[in-house]
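# Geometric and topological summary
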Amino acid sequence: MTGPAAGPLDRVAPRYGGGSLADVLPSALALLGVPGAADLLGLAPRLAGVRRVAVLLVDGLGWYQIPTAAPYAPTLAGLAATVGVPLTTGFPSTTPTSLVSLGTGTPPGPHGVLGFKVRVPGTDRVLSHIEWTGDPEPLRWQPVATWYERARAAGVAVTVVSRPEYGGSGLTLAANRGADYRGAAGVDAVAERMLAALSVGPGPNLVSGYHPDLDRHGHLTGVDSAPWRLAAAEVDRLLARLVDGLPPDAALLVTADHGQLNVPDEHRIDLDTDPRLRAGVRVVAGEPRARYLHVEPGATADVVAAWSGVLDGAARVLTRAEAVATGWFGPVPEAHLGRIGDVVVVCRDTYAVVATRSEKPMESRLVAYHGADTAAEMTIPLLVVRG
């Protein structure tokens, strides 16, 4: 496997428009002749004549985690070595943002799902996108048409296969609207439902699948823990079943939403136990590796100075305008700016900013995190397999 030159803790910028997760569906649907879809990833030379495309997103399968998984996932390792290239996520490198970027084909700024948790503008409410049931209304909160909608309008059969409990959630509607939803609770069910949907009719077909367990075990017990290794083996079994079952006129694209980093206890900074980090801060959102701070009127400069001093190189501390100017989010319309903190804190190395009192206790006790812009979090695979 030939990897990128960056080390795992080096900063990586999103490669929107030709090397990011947001480019996967437009490239896949260009193969199927959907109007307006562009092959931004150059898939056509390898996949000419394909009439069916399956896209599998494995939550937490960063490019830099593949060598760690390789002893337990030989199919994955073999595909990465022979048909794998690295892409980037968008920013922040977190599941809700990535799932909506995949579905819409846009950077985070336009679609507005700008983090794991964001403040609802005009309120002190923090919206957790993975617990979102319908308020705010998904089609207003996320206004960009999905590629599933555009594909269906062009006559493509479109199916999403994911956990049954996610059906109808705000995040599912934001990311996957336009597709038929099929619930599947384990790797065998995911493979069975993806292959069944892929084989219906003469084509063209698009099937998108999602598998969350590798990410979950990374969070709970750490990358390369025994449960994580078992989860990697399950991912391998899923890949093997999909590869073996591909129809001859089909292709499988395997990617991820982010990677992960284990965060040691000594690199956890608790914003709830240091009054300097609470001074002037009204609402805390984001997640431990990428915090959004919404501050009291006139307090931005003081909060930037305080956080910069306390964190002392463990993170970059930027104003909202500075963060937007980096290009991390892509273009951000005025209506979405308020979802980004007045102050944005992006952790370096393996540091994280936890909140032991104001957030759920489990969130501060996780082993692995993601969200920042290191190569280990931002770099994801694209594995391209033809049937």
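Residues numbered from 1 in each chain as written. Predicted model: local features only at pLDDT ≥ 70, side-chain atom pairs only at ≥ 80, totals over all residues. Heavy atoms only, no water.

### Comments concerning the sheet that holds strand 12 (residues 290-295)
As summarised here, the arrangement of the 4 strands in space is 11-12-14-13, forming an open sheet in which the pairing is antiparallel. With one partner strand each, in any of the chains shown, strand 11 (281-287) and strand 13 (315-319) form the two edges of the open sheet. Each strand axis lies, on average, 20° off the axis of its neighbour in the sheet, ignoring direction. Bridge count between strand 11 and strand 12: 6 bridges; the pairing is antiparallel. Paired with Val284 across the bridge in strand 12 is Leu293. (Pairing = 2+ DSSP bridges. Helix = DSSP H or I, 4+ residues; strand = E, 2+ residues; numbered from the N terminus. Axes fitted to C-alpha atoms, helices over the stretch in contact; angles between N-to-C directions.)

### Digging into the nonpolar core
Core analysis: the biggest nonpolar cluster contains 102 residues, and Val24, Val53, Leu56, Leu206, Leu253 and Phe329 have the highest contact counts within it. For this core, the element with the most residues is helix 10 (residues 187-198), which contributes 8 residues. Not counting residues within four places of it along the chain, the set of residues in contact with Phe329 comprises Tyr16, Phe91, Pro92, Pro107, Pro108, Gly109, Pro110, Leu114, Tyr292, Ala323, Val324 and Ile340. One finds Leu271, Ala299, Val304 and Val345 within the second-largest nonpolar core, a separate group that totals 20 residues. (Core = buried A, V, L, I, M, F, W, Y, C linked by side-chain atoms within 4.5 Å. Buried < 20%, exposed > 50% of the residue type's maximum accessible area, 1.4 Å probe, protein only. Contact = heavy atoms within 4.5 Å.)

### Re the pattern of salt bridges
This model, assessed by the stated rule, comprises 23 salt bridges. Asp272 is the partner of Arg278 in a salt bridge, and the nearest nitrogen-oxygen pair spans 2.8 Å. Under the relative-accessibility criterion, Arg278 is labelled partly exposed at 29%. Note that Glu296 is salt-bridged to Arg282, the shortest N-O span being 3.5 Å. A residue pair is termed long-range when its members are at least 10 positions apart, and Glu296 in the loop between strand 12 and helix 14 (300-311) and Arg282 in strand 11 qualify at 14 residues. (Salt bridge = Lys/Arg side-chain N within 4 Å of Asp/Glu carboxyl O.)

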